[in-house]
Every structure is written in structure tokens, then in C-alpha cells.
Amino acid sequence: GKKLLFMGGEIGQWSEWDCKGEIDWKLLEFPLHAQLQKCVADLNALYQSQSALWERDFSWQGFEWIDFSDWEQSVISYLRKSSSSNLACVHNFTPEVRQHYKLPLKNVKRMEEIFNTDRADYGGSDQRNLQMVIELDGVIFSLPPLATMIFEVEFG
């Protein structure tokens, strides 16, 4: 089988990692720590299943900024691209919900949320984007607070 290496970050360990010590696994008895572990596990599974997150890691063909200058709302967004898929990654670095946020992404045919750190089972407020408004010059959706969202994108 696969050998797993844990350092404590995946469970929100409070103390610094110590190579001579043990991970504080008792923290998993607390819901927020267990929810963080689930989020990290799901993100790892998503990474393995989505070639856009790793196929072109060492090439500019695998990355494209959507918007890196939205400093007023503290949001950054970019595309991760493979030979077969495109993923839009959007990060809201504020504790505010951004309703009707317009992502300046043109020629979108379809966009579907596939990962959201704000899910209830991760300890979030469960603000999901099940429906989005696709316009010629962008996509309108909601940004949950302090969250990362990943969307599968098809261009027309």
C-alpha cells in the first residue's frame, strides 16, 4: 500500500510539528479538527482526479490568471489547465460573503462548482454555488467567507 506522511497540519494541530514526537491525534475528537481533516482528504482526492491541477505544473500552459488585481474585495482567481480540462480557482480572503460576484471570465459555456472549503461538513457556513449566471464577459456567483472554490469550466 501507499505510505502516508502526516505532519499535523491536516488536522489543525496547535503545536509545531516535532519529528521526535507524535501527532496529537486526540484533536480529532473535536469537530472542527475532524472537519479540517475531511477537507484536506477531499482536496487530496480532487488533486489526484483532476489533471488540470498537476499535468502542466512546470509550464505556463497550465496556469492563467483570471484576476489578480481585485485588491478591494481581497479576491484572486486563476485557471489551472490540462490537455483535457480547465479549472477556475477562486479565493476569498475576507470574512464577508460576496453576493453577485462577477468573475471576469469570457466565453464560458458551462461552469460547475466541484470544491468549496465553506461546506458544512468542513465546518463552514455551507454557501454553495448550485446556480450561476453566465454572461458573455463573465460569470456571476456568490463567494462564501474565507473560502476557496474550484469550478470545472467549459468554454464555448
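Along each chain, the written sequence defines residue order, and numbers are assigned to residues from 1. Selection of residues for local features in this predicted model requires a pLDDT of at least 70, selection of side-chain atom pairs for listing and counting requires 80 or more, and totals for whole chains, interfaces and linings are taken over all residues. Heavy atoms throughout the structure, all of them, feed into the side-chain values; hydrogens and water do not.

1. Side note on the sheet that holds strand S2 (residues 75-81)
Applicable threshold: Any two strands with at least two DSSP bridges between them are considered paired. Labels follow the DSSP assignment, with helices taken as runs of H or I lasting at least four residues and strands as runs of E lasting at least two, numbered in each case from the N terminus. Lines are fitted to the C-alpha atoms to define the axes, a helix being fitted only along its stretch in contact, and any angle between axes, read from their N-to-C directions, falls within 0 to 180 degrees. Between two residues, a contact is recorded if the distance between any of their heavy atoms is within 4.5 Å.
Here 5 strands make up an open sheet; going across it, the order is S1-S2-S3-S8-S5 and the pairing antiparallel. Strands at the two margins of the open sheet, each flanked by one partner only, are strand S1 (63-70) and strand S5 (108-116). Strand-to-strand twist of the sheet, defined as the mean angle between neighbouring strand axes without regard to direction, takes the value 20°. Judged from the 7 bridges that link them, strand S3 (residues 86-92) and strand S8 (residues 147-155) form a sheet pairing that is antiparallel. Residue pairing across strands places asparagine 92 opposite alanine 147, the latter belonging to S8. Across the sheet, helix H1 (residues 31-49) touches S5 and S8, and the angle it forms with S5 is around 140°.

2. Here we look at the packing of aromatic side chains
Note the cut-off: Aromatic rings from Phe, Tyr and Trp, taking only the six-membered ring of Trp, are treated as a pair when their centres fall within 6.5 Å; an angle between ring planes under 30 degrees marks them as stacked, one over 60 as edge-to-face, and anything in between as tilted. Relative accessibility decides the category of a residue: with a 1.4 Å probe and only protein chains considered, values under 20% of the type maximum give buried, values over 50% give exposed, and everything between is partly exposed.
Per the counting criterion, the structure on display carries 8 aromatic pairs. Relative to tryptophan 65, the ring of phenylalanine 63 has its centre 5.2 Å away and its plane inclined at 85°; by these criteria the two rings are edge-to-face. Residue class for tryptophan 65 comes out partly exposed when judged on its relative accessible area of 40%. Judged by centre distance (4.9 Å) and plane angle (55°), the rings of phenylalanine 141 and phenylalanine 151 are tilted. Separated by 10 residues along the polypeptide, phenylalanine 141 in strand S7 (residues 138-143) and phenylalanine 151 in strand S8 bring together distant segments of the chain. When its relative accessible area of 3% is taken as the criterion, phenylalanine 141 is described as buried. The rings of Trp60, Phe63, Trp65, Phe68 and Tyr78 are connected pair by pair, giving a single aromatic cluster.

Fair warning: the whole summary comes from geometry, so function is off the table for now.
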